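# Coordinates in review
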Amino acid sequence: MDSLLTAGFRHNSRRLTRFARPQPSETLPPPDPARKYMLYLHIPFCTVLCPFCSFHRVCFEEQKTVRYFESLRQEIRMAHEAGYSFSDLYVGGGTPTVMPGEMAKTLELLRRLSPIQSISIETNPDDLTPGVMSQMRDAGVTRVSVGIQSLDDELLKQMDRYEKYGSSAQVMKRLEGARGFFETLNADMIFNLPHQDENSLLKDIDLLTRDIEVSQATFYPLMSAESTMRKMLRTMGEVDFDREGRMYRLILDSLPDAYHPSSAWCFNRESGTVDEYIIENEEYLGLGSGSMSYLDGILYSSTFSLNHYNRQIAAGRFGISRRQPLTRRDRLRYFMLMNLFGLSLDKRTAEARYPGFFWKLAPEIAGLKLLGAVRDEGDRLVLTRYGMRIWILIMREFFMAVSDFRDLMRHSIRDELDAFGPLETRLPTPDLRPPGTY
Ligand code: SF4
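Note that residues are indexed from 1 along each chain, following the sequence as it is written. Thresholds applied to this predicted model are a pLDDT of at least 70 for local features of residues and 80 or more for the giving and counting of side-chain atom pairs; totals over whole chains, interfaces and linings are not thresholded and use all residues. Side-chain calculation: all heavy atoms of the structure are included, whereas hydrogens and water are not.

## A word on the sheet that holds strand S16 (residues 374-377)
We count it as follows: Any two strands with at least two DSSP bridges between them are considered paired. Numbering of helices and strands runs from the N terminus, with a helix taken as a DSSP run of H or I at least four residues long and a strand as a DSSP run of E at least two residues long. Every angle, taken between N-to-C directions, lies between 0 and 180 degrees, and every axis is a line fitted to C-alpha atoms, over only the stretch in contact when it is a helix. Note on definitions: a residue-residue contact is assigned when non-hydrogen atoms from the two residues lie within 4.5 Å.
Read from one edge to the other, the open sheet built from three strands follows the order S15-S17-S16, with strand pairing classed as antiparallel. Each edge of the open sheet carries a strand with a single partner, namely strand S15 (344-346) and S16. Across the sheet, the mean angle from the axis of one strand to that of its neighbour is 25°, orientation sign disregarded. As judged from the three bridges shared by S15 and strand S17 (residues 380-383), these two strands associate in the antiparallel manner. Directly across from aspartate 346, in S17, lies its bridge partner arginine 380. Of the strands in this sheet, S16 and S17 touch helix H16 (residues 362-371), which is tilted by about 100° from S16.

## Some words on helix H4 (residues 130-138)
Worth spelling out the cut-off: Residue exposure (1.4 Å probe, protein chains only): buried if accessible area is under 20% of the type maximum, exposed if over 50%, otherwise partly exposed. This arc is taken over the directions from the axis of the helix to the C-beta atoms.
When H4 is considered as a whole, its buried residues turn out to be Val132, Met133 and Met136. Seen along its axis, H4 keeps its buried residues to an arc of 95°; they face one direction. Turned more than 90 degrees from where H4 packs its buried face, Pro130 and Asp138 sit exposed. Looking at the buried positions of H4, the neighbouring elements they touch are helix H3 (100-113), strand S5 (118-123) and helix H7 (168-178).

## Focus on the site of the ligand
Short version of the rule: By convention in these notes, a residue is near a molecule or strand provided one of its non-hydrogen atoms lies within 4 Å of it. The classification used treats Ala, Val, Leu, Ile, Met, Phe, Trp, Tyr, Cys and Pro as nonpolar, Asp, Glu, Lys and Arg as charged, and all other residues, Gly among them, as polar.
Lining the immediate environment of the ligand, one finds Cys46, Val48, Leu49, Cys50, Phe52, Cys53, Arg57, Gly94, Asn124, Arg161 and Tyr165. Across the shell around the ligand, the residue classes tally to seven nonpolar, two polar and two charged.

## So, the nonpolar core
Definition in use: In this description, a nonpolar core means a group of buried Ala, Val, Leu, Ile, Met, Phe, Trp, Tyr and Cys residues linked to one another through side-chain atoms lying within 4.5 Å. Source of the domain bounds: an automatic or database domain assignment.
With 132 residues, the main nonpolar core has Phe219 and Trp391 as its most contacted residues. Tallying contributions element by element places helix H17 (residues 385-411) first for this core, with 12 residues. Viewed by domain, this core spans two of them, domain 1 (21-280) and domain 2 (328-383), each represented by three or more residues. Those residues in contact with tryptophan 391 that lie beyond four places of it in its chain are Ala264, Met336, Leu337, Leu340, Phe341, Leu368 and Leu383.

## Remarks on the pairing of strand S11 (residues 284-287)
Alternating residues of S11 divide into Tyr284 and Gly286 and Leu285 and Leu287, and every residue in both groups is buried. Relative to S11, strand S1 (residues 37-43) runs parallel, the two sharing four bridges. Looking at S11, one finds that leucine 39 is bridged to leucine 285.

## With respect to the packing of helix H8 (residues 198-212) against helix H10 (residues 244-254)
In plain terms, the rule: An angle counts as roughly parallel when it lies under 35 degrees, as roughly antiparallel when it exceeds 145, as roughly perpendicular when it falls between 65 and 115, and as oblique in every other case. By definition, any crossing whose near helix is turned counterclockwise from its far helix by less than a right angle is left-handed, and any crossing with a clockwise turn is right-handed.
Here H8 crosses H10 at 30°, and the two axes come no closer than 10 Å. In terms of axis orientation, H8 runs roughly parallel to H10. In terms of crossing hand, the pair formed by H8 and H10 is right-handed. In this structure, H8 uses Glu198, Leu201, Leu202, Ile205 and Arg210 to contact H10, whose residues at the interface are Arg246, Met247, Leu250, Ile251 and Ser254. Among the residues making up the contact of H8 with H10, the classes are represented as six nonpolar, one polar and three charged.

## Overview of the pattern of salt bridges
Formally: Whenever a carboxyl oxygen of Asp or Glu lies within 4 Å of a side-chain nitrogen of Lys or Arg, that contact is scored as a salt bridge.
Overall, the coordinates contain 23 salt bridges when judged by the stated rule. For arginine 179, the salt bridge identified is with glutamate 176, shortest N-O distance 3.4 Å. Classification of arginine 179 as partly exposed rests on a relative accessible area of 37%. For glutamate 244, the salt bridge goes to arginine 396, with nearest N and O atoms at 2.9 Å. Here arginine 396 lies in helix H17 and glutamate 244 lies in helix H10, a separation of 152 residues in the sequence.

## Thoughts on the packing of aromatic side chains
For the record, the criterion: Between rings of Phe, Tyr and Trp, where Trp is taken as its six-membered ring, a pair exists when centres lie within 6.5 Å; planes separated by under 30 degrees are stacked, by over 60 edge-to-face, and by other angles tilted.
Under the counting rule described, the total for this entry stands at 18 aromatic pairs. An angle of 80° between the planes, with centres 4.9 Å apart, marks the rings of tryptophan 265 and phenylalanine 341 as edge-to-face. Residue tryptophan 265 is found in the loop between strand S9 (260-261) and strand S10 (266-268), and its partner phenylalanine 341 is found in helix H13 (residues 328-341); the two are separated by 76 residues along the sequence. Judged by its relative accessible area of 0%, tryptophan 265 is buried.

## A short note on the packing of H7 against H8
Across the interface, H7 lies against H8 with an axial gap of 12 Å and an inter-helix angle of 30°. Regarding H7 and H8, the two cross each other, and that crossing is right-handed. Each of Ser168, Met172, Leu175 and Glu176 in H7 lies in contact with H8, whose residues at this interface are Leu207, Leu208, Asp211 and Ile212. The residue makeup of the contact of H7 with H8, split by class, is five nonpolar, one polar and two charged.

## As for H16
Turning to H16, its buried residues are Glu364, Ile365 and Leu368. Down the axis of H16, the smallest arc covering the buried residues is 95°, so these residues share one side. Those residues of H16 that are exposed and aimed more than 90 degrees away from the buried face are Pro363 and Leu370. Buried residues in H16 make contact with H13, helix H15 (357-360), S16, S17 and H17. Positioned one or two residues after H16, glycine 372 has a phi angle of 85°, which is positive.

In short, shape yes, function no, at least from these values alone.
Here's what the structure looks like:
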């Protein structure tokens, strides 16, 4: 059954991420002035490039990073001038805290421009120092998500993380020190790594939820682009997707009662920000190289070339370079996919947002009920325990398709630059306002 479902979801996910070629004049749609949007910022720099990772990330270089942050702040000002106002912010990477001073300056600018209520930021264990944490807290960060991946020293070595981010004992010590600093401290973990057995996974769960008692733990199934999987074969070994379901059930069965799911893969000890910004925010704007946006039924992607990004911003244009309009049916499916990933779908909200929602998606919903993945509970359609497993599989395929798209974007950086003409003739005088203009 898993293989059949995987094939179906793979086909659909690939279709959704088939973005059109670069459009030189691409721009963002005008915002709805009555709305406050979710903003995603991408910081693509890392000091170590982990072999399993398919995100848009490049090796950290100080000068390059400072230049990038300047462009990013300019793009934020451009979005503000275009009328966008933001209520929530998610900063992902890469490693957003790779230059904490630059990150804090960027957050301060945003808070001056928009009534931001929550700021979630990704980081790595080596940045959980009192200095960096205080700087982030003073800059308004409410949730920190730490990329731990595993607390098994052997696996950390295979992932090239042991040297840079420390042994399991060292990571645990840093997590201890970070407790209570922010409203939410999330531990990002991976399950179904090659060579990860059930005992190793059980130990991770115990250490995080019984020893440290993190406020939130997220367990992602391993999901990388096809090319990354091939590279991983050499460093970490082969991924066995047949074990995924078994390991996921182990997580559900072993988490202490105090932890409640807020999505199929995120578990909260207390109420906190849900891990995936795309669950609570159907529409969001992404800024920075390699970010994605979903606005007015269109998916947008920004350029993956840092040079191109800097030049676009200096020329007064947003970094977006590709778009994928969704059909009416795909928009409904996307809405259902993300809501059920967050465990339930409110029927009245769905009908108000998309009149005729349940009639139009009747075949999909009947299929899910037949599988035992969803059930009616009053005004809500809720995901069952089996449905959570199915959603892990769907989201894995969705994010793997996004990772394959990222691969394609990395490989077409040259084409993208060419499509915008000879760069030398297109560079106007840089117009980067000094921080504090607003
Ligand atoms: S896993 Fe995190 S630290 Fe490693 S390369 Fe990816 S973004 Fe960077």
